[in-house]
Amino acid sequence: MLSSRPEEGLSMHPAAKLQFARIVDEFARWRAIPEPERPPAPAWWWGPAFEMRDAAEPLPAAWSRRFRLPDGARFAEASVALRQTLAGQATPSWPYDFSRMIASTDSDVRDLPVQPSDDSAFPP
């Protein structure tokens, strides 16, 4: 029997969950910055937020708390919370607007020096 709700019965793609897991921690750290000092929400949240807009699967309880949602909240509800933070932004944020405000686990990787793009730097 087909479900009356298209999102019911569909499992989420593991990559989408992984992207969302990264956002959960960033969102909590972003929200912890006092509002007058808070940079714009990271523009990269848009894609995962829209991917999860119809996801009916319940969030883990710890994630619900980070989004300030009740236990039993669904990914779709967290998606709404993310989209609300992004909705008022007229231009996308720059990649370092957010990461320079917090200790980011990704900052070490992003700050690596640029490497040569061709093989001429490496003798045969």
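Report follows, based on the coordinates. None of these values were measured; they are calculated from a predicted model. (Residues numbered from 1 in each chain as written. Predicted model: local features only at pLDDT ≥ 70, side-chain atom pairs only at ≥ 80, totals over all residues. Heavy atoms only, no water.)

### Focus on helix α1 (residues 14-32)
Residues spaced three or four apart along an α-helix point in a common direction, a consequence of the helix completing one turn every 3.6 residues.
For step 1, the next point in the chain: Here α1 is 19 residues long and its end C-alpha atoms lie 28 Å apart, about the 27 Å a rise of 1.5 Å per residue gives.
For step 2, the next point in the chain: Among all positions in α1, only Ala 16, Phe 20, Ile 23, Val 24, Glu 26, Phe 27 and Trp 30 are buried. (Helix = DSSP H or I, 4+ residues; strand = E, 2+ residues; numbered from the N terminus. Expected span 1.5 Å × (residues − 1). Buried < 20%, exposed > 50% of the residue type's maximum accessible area, 1.4 Å probe, protein only.)

### As for the nonpolar core
For step 1, the next point in the chain: With 22 residues, the main nonpolar core has Phe 20, Trp 45, Leu 59, Phe 67, Phe 75 and Leu 82 as its most contacted residues.
For step 2, the next point in the chain: Sorting the residues of this core by element identifies α1 and α4 (75-87) as the ones contributing at least two each.
For step 3, the next point in the chain: Setting aside chain neighbours within four positions, we find Leu 59 in contact with Phe 20, Ser 64, Leu 69, Ala 73, Arg 74, Phe 75 and Ala 78. (Core = buried A, V, L, I, M, F, W, Y, C linked by side-chain atoms within 4.5 Å. Contact = heavy atoms within 4.5 Å.)

### Observations regarding unusual backbone geometry
For step 1, the next point in the chain: Residues other than glycine seldom take positive phi values, yet Arg 68 does so here, at roughly 60°.
For step 2, the next point in the chain: For Arg 68, the position within the fold is in the loop between α3 (61-66) and α4.
For step 3, the next point in the chain: Looking at Arg 68, the relative accessible area reads 61%, which means it is exposed.

### Some remarks on the packing of aromatic side chains
The relation between two aromatic rings is expressed through the spacing of the ring centres and the mutual angle of the planes.
For step 1, the next point in the chain: Counted according to the given criterion, the structure contains eight aromatic pairs.
For step 2, the next point in the chain: Geometrically, the ring pair formed by Phe 27 and Phe 67 is stacked, given 4.7 Å between the ring centres and 25° between the ring planes. Here Phe 27 is found in helix α1, whereas its partner Phe 67 is found in the loop between α3 and α4, with 40 residues between them in sequence.
For step 3, the next point in the chain: You can call Phe 27 buried: its relative accessible area is 0%.
For step 4, the next point in the chain: In this structure Phe 67 comes out as buried when scored by relative accessible area, which is 1%.
For step 5, the next point in the chain: An aromatic cluster is present here, built from Phe 20, Phe 27, Trp 30, Trp 45, Trp 63, Phe 67 and Phe 75 joined pairwise through their rings.
For step 6, the next point in the chain: Across from the ring centre of Trp 44, 4.5 Å away, lies the NZ or CZ of Arg 22, which sits over that ring.
For step 7, the next point in the chain: Against the face of Trp 30 rests Arg 38, its NZ or CZ located 4.6 Å from the ring centre. (Phe/Tyr/Trp six-rings, centres within 6.5 Å; stacked < 30°, edge-to-face > 60°. Lys NZ or Arg CZ within 6 Å of the ring centre and 35° of its normal.)

### Considering the pattern of salt bridges
For step 1, the next point in the chain: Summed over all chains, the structure comprises three salt bridges.
For step 2, the next point in the chain: The shortest N-O distance in the salt bridge between Lys 17 and Glu 57 comes to 2.7 Å. Separated by 40 residues along the polypeptide, Lys 17 in helix α1 and Glu 57 in the loop between α2 (46-51) and α3 bring together distant segments of the chain.
For step 3, the next point in the chain: We classify Lys 17 as partly exposed; its relative accessible area is 30%.
For step 4, the next point in the chain: Given the relative accessible area of 27%, Glu 57 is considered partly exposed.
For step 5, the next point in the chain: Arg 66 is paired through a salt bridge with Asp 25; the nearest N and O atoms lie 2.8 Å apart. Residue Arg 66 is located in helix α3, and its partner Asp 25 is located in helix α1; the two are separated by 41 residues in the primary sequence. (Salt bridge = Lys/Arg side-chain N within 4 Å of Asp/Glu carboxyl O.)

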